[in-house]
Amino acid sequence: MHQAIAQGTRVEGPDVEVTDLTGSLSPTEWSFAGDRRSAHGFLLNAGEGEVRLGDTITAVRGPCLIWLPGGRGGQLRLAAGARGAALTVSDGALARVVPATAIAGPLREGMERPLLGVPLEGKAARAIGADIAALSEELFEDLPGMREAVMSRLCLVLIAFWRLGGGGARPAQSSPRMLVQGFLQLVELNARRHWRVADYARAMGITTDRLNTAIKRATGVTPLDLVHRRLLEDAEALLERSSMQVGEVADALGFRDAGYFSRFFSQRKGISPGRFRQQAAQRAGRRDGSYAAWP
């Protein structure tokens, strides 16, 4: 049994906000800017209203789902007495929450499409409502591991929206832009796990050949080149800004031993990790030098 959050309460964290929609005595309205910073989802348990996107107005009646992706300017107006819950999800949270599995590509693409009043049966509405309530509790209680728990709950909610909006009915073909974006997001999550290109393709639900072709056309380099660039960026940052030994840097980046890491780094930078660190320290010393620092 989930603890009830007080009606009308807005509970927010760094990436997710949940608002309980009570039976207001007057109409309520939300306006959404056409930027990419956040998306908005609504579970309308009861009541009615309308969604305006551009010049199009769509009537909605509960129980139903509404999803408005980031980058879509518009308004939602609910009549007096409407009940349900509202979600605001940052673009960063959407990038992190998508699971690294075969549904990653279709789910990510599904979140780019609006849902305007998808009808719900009572059982489905109660299940989604319970997940949103649990998400709200995590934000409200702020216990250890809250961020991880919130992302897990949010993932369940988004999968439910995606399924009920028609996701999974047939394989979705990601656009080239979405495919590249999805790959780069997976690289952020899995570069240090040293996934093969085939692992990325499988997680995205596409063939290795299609992934190689799409990334090469969009960026001019191969998927493996992008993975190696990401690892190299992390290696440079750790060598410059931390006191970790080279072996510790190798371990943090998922390399099986320091020797393999040193060869990887030297082949791509033309310099050993130790020498790179020495040069970085010398550059930092020159930048920090001033008359006040002299003895």
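Keep in mind that this is a model prediction, so the values were computed, not measured. (Residues numbered from 1 in each chain as written. Predicted model: local features only at pLDDT ≥ 70, side-chain atom pairs only at ≥ 80, totals over all residues. Heavy atoms only, no water.)

**Student:** Account for the overall build of the protein chain, naming residues and giving values.
**Tutor:** Counting secondary structure elements, the protein chain contains 11 helices and 10 strands. Summarising the internal contacts of the protein chain: among those between residues at least 6 apart in sequence, 70% fall at separations of at least 24. When the accessible surface of the protein chain is summed, it comes to about 15,900 Å², and 50% of that surface belongs to carbon and sulfur atoms. (Helix = DSSP H or I, 4+ residues; strand = E, 2+ residues; numbered from the N terminus. Contact = heavy atoms within 4.5 Å. Areas by Shrake-Rupley, 256 points an atom, 1.4 Å probe, with all protein chains shown as cover.)

**Student:** I'd like a rundown of the sheet that holds strand β5 (residues 48-53), residues and numbers included.
**Tutor:** Read across the sheet, 4 strands follow the order β3-β8-β5-β6 without closing on themselves; strand pairing throughout is antiparallel. Here the strands that pair on one side only, and so sit at the sheet edges, are β3 (28-32) and β6 (56-61). Adjacent strand axes in the sheet meet at a mean angle of 15 degrees, parallel and antiparallel pairs treated alike. Pairing between β5 and strand β8 (residues 74-78): 4 bridges, direction antiparallel. If you follow Val51 over to β8, its bridge partner there is Leu76. (Pairing = 2+ DSSP bridges. Axes fitted to C-alpha atoms, helices over the stretch in contact; angles between N-to-C directions.)

**Student:** Give me the packing of helix α5 (residues 176-190) against helix α6 (residues 197-204): which residues, what numbers.
**Tutor:** Running from N to C, α5 and α6 cross one another at 120 degrees; their axes reach a closest spacing of 10 Å. Taken together, the axes of α5 and α6 are oblique relative to one another. For the element pair α5 and α6, the recorded crossing hand is right-handed. Of the residues in α6, those touching α5 at Leu179, Gly182, Phe183, Leu186, Val187 and Asn190 are Tyr200, Ala203 and Met204. Along the lines of polarity and charge, the residues of the contact of α5 with α6 split into 7 nonpolar, 2 polar and no charged. (Parallel < 35°, antiparallel > 145°, perpendicular 65-115°, else oblique. Left-handed = near helix turned anticlockwise from the far one by under 90°. Nonpolar A, V, L, I, M, F, W, Y, C, P; charged D, E, K, R; others polar.)

**Student:** A description of the environment of Ala39 should follow, citing residues and the corresponding values.
**Tutor:** Along the polypeptide, Ala39 turns up in strand β4 (residues 38-46). C-alpha separation for the pair Ala39 and Leu68, spaced 29 residues apart in sequence, amounts to 5.8 Å. With near-sequence residues (within four places) excluded, Ala39 lies in contact with Trp67, Leu68, Pro69, Gly70, Leu87, Thr88, Val89 and Leu94.

**Student:** How would you sum up unusual backbone geometry? Please name residues and give values.
**Tutor:** A cis amide bond, omega 0 degrees, links Gly62 with the succeeding residue Pro63. Relative to the helices and strands, Pro63 resides in the loop between β6 and β7 (64-68). At His194, a position not held by glycine, the phi torsion is positive, near 55 degrees. Positionally, His194 belongs in the loop between α5 and α6.

**Student:** Summarise the pairing of β4; cite the residues concerned and give the values.
**Tutor:** Across the 9 residues that make up β4, a large majority, 7, are buried. By the bridge criterion, 8 bridges tie β4 to strand β9 (residues 83-90) in an arrangement that is antiparallel. Residue Ser38 lies in a different strand from β9, and its bridge partner there is Ser90. (Buried < 20%, exposed > 50% of the residue type's maximum accessible area, 1.4 Å probe, protein only.)

**Student:** Could you give an account of the nonpolar core, with specific residues and numbers?
**Tutor:** Within the largest apolar cluster, 35 residues are counted, with the highest numbers of intra-cluster contacts made by Val16, Trp67, Ile132, Leu154 and Phe161. With 11 residues, the top contributor of residues to this core is helix α4 (residues 146-164). Grouped together as the second largest cluster of nonpolar side chains are 33 residues, Val187, Leu253, Phe261 and Ile271 included. (Core = buried A, V, L, I, M, F, W, Y, C linked by side-chain atoms within 4.5 Å.)

**Student:** Give a description of helix α3 (residues 122-141) that names residues and reports values.
**Tutor:** The end-to-end C-alpha separation of α3 is 28 Å, in line with the 28 Å expected for 20 residues at 1.5 Å each. Burial in α3 covers these residues: Ala125, Ile128, Ile132, Ala134, Leu135, Ser136, Glu137 and Leu139. Taken from the residues just after α3, Asp142 is the one with a positive phi, measuring 50 degrees. (Expected span 1.5 Å × (residues − 1).)

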